[in-house]
Amino acid sequence: MIETLSIEDIIYCYEEGVHVKLYSHLPRSLDIEQLKAYHQRGSYDPGEKKVAIYLSHITDLADYKTTLFHELAHAIDDLLFDEASSEEQIEQIGLQTYQQNPQLYDFIKGIFKLPNTRFERIE
Ligand SMILES: [Zn+2]
């Protein structure tokens, strides 16, 4: 497994059809799995190749970035490796990416066309 996410990993996710959706409020139609996920900060759905970020559960910009890195690490893990990494390993990749390459967020924001969030407006 990788140690940190790179630009190449993000491009690969993008080319494989991974998409990122930000939720600021509870979606109107939620099934039970989505409802469970909503209580977390983010989720990755391998079937839909969809990263979901639940902004109402995120505290600040650092939390937002590490959550994005964490969920995209799940995506890369799903796309590249047969055996899934543990939640601890994925958490490590998210944190290490934030510590070593926090500006990767700007690339992610650009390629997935993410809107500004309330965290960025505060800074
Ligand atoms: Zn996770």
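The shown structure was predicted, so the numbers you read here are calculated from the model rather than taken from an experiment.

Undergrad: Hey, could you run me through the overall build of the chain in this one?
TA: The secondary structure content of the chain amounts to 6 helices and 3 strands. Seen in sequence order, the chain has helices and strands lined up from the N terminus as α-β-α-β-β-α-α-α-α. Relative to the compact-globule value of 14 Å for 123 residues, the chain shows a C-alpha radius of gyration of 14 Å, a close match. By its C-alpha atoms, the chain is 35 × 35 × 25 Å across when sized along the principal axes. Classification of the 123 residues of the chain by burial places 28% in the buried group.

Undergrad: I keep staring at the packing of helix 1 (residues 7-15) against helix 3 (residues 61-80) and nothing clicks. Help me out?
TA: How two helices pack is summed up by the angle between their axes together with the distance between the axes. Two numbers describe how helix 1 lies on helix 3: the axes approach to 10 Å, and their chain directions differ by 70°. Considering their axes alone, helix 1 and helix 3 lie roughly perpendicular with respect to each other. Of helix 3, the residues touching helix 1 (which contributes Asp 9, Ile 10, Tyr 12 and Cys 13) are Leu 72, Ala 75, Ile 76 and Leu 79. Of the residues assigned to the contact of helix 1 with helix 3, the class counts are 7 nonpolar, no polar and 1 charged.

Undergrad: Honestly, the sheet that holds strand 2 (residues 42-45) in this entry has me stumped. Any pointers?
TA: Across a sheet, strands are paired by hydrogen bonds formed along the backbone, either parallel or antiparallel in direction. Spatial strand order, 1-3-2: 3 strands in an open sheet with mixed pairing. Two strands in the sheet have a free side with no partner beyond their single neighbour: strand 1 (19-23) and strand 2. With direction set aside, neighbouring strand axes in the sheet form an average angle of 15°. Relative to strand 3 (residues 50-54), strand 2 runs antiparallel, the two being bridged by 4 bridges. Its bridge partner being in strand 3, Tyr 44 is matched across the sheet by Val 51. Seen against the sheet, helix 3 touches strand 2 and strand 3 and runs at an angle of roughly 15° to strand 2.

Undergrad: So what exactly am I meant to see when it comes to helix 4 (residues 87-100) here?
TA: One turn of the α-helix equals 3.6 residues, which is why residues spaced by three or four share an orientation. An ideal rise of 1.5 Å per residue puts 20 Å on 14 residues; helix 4 measures up with 20 Å between its terminal C-alpha atoms. Within the span of helix 4, buried status applies to Ile 90, Ile 93, Gly 94, Thr 97 and Tyr 98. End-on view of helix 4: buried residues confined to an arc of 125°, all on one side of the axis. Within helix 4, the exposed residues directed more than 90 degrees away from the buried face are Glu 88, Gln 99 and Gln 100.

Cut-offs applied
- Residues numbered from 1 in each chain as written.
- Predicted model: local features only at pLDDT ≥ 70, side-chain atom pairs only at ≥ 80, totals over all residues.
- Helix = DSSP H or I, 4+ residues; strand = E, 2+ residues; numbered from the N terminus.
- Rg over C-alpha atoms; globule rule 2.2 N^0.38 Å.
- Buried ≥ 20, exposed ≤ 12 C-beta atoms within 10 Å, placed from the backbone.
- Axes fitted to C-alpha atoms, helices over the stretch in contact; angles between N-to-C directions.
- Parallel < 35°, antiparallel > 145°, perpendicular 65-115°, else oblique.
- Contact = placed C-beta atoms within 7 Å.
- Nonpolar A, V, L, I, M, F, W, Y, C, P; charged D, E, K, R; others polar.
- Pairing = 2+ DSSP bridges.
- Expected span 1.5 Å × (residues − 1).
- Arc of directions from axis to C-beta.

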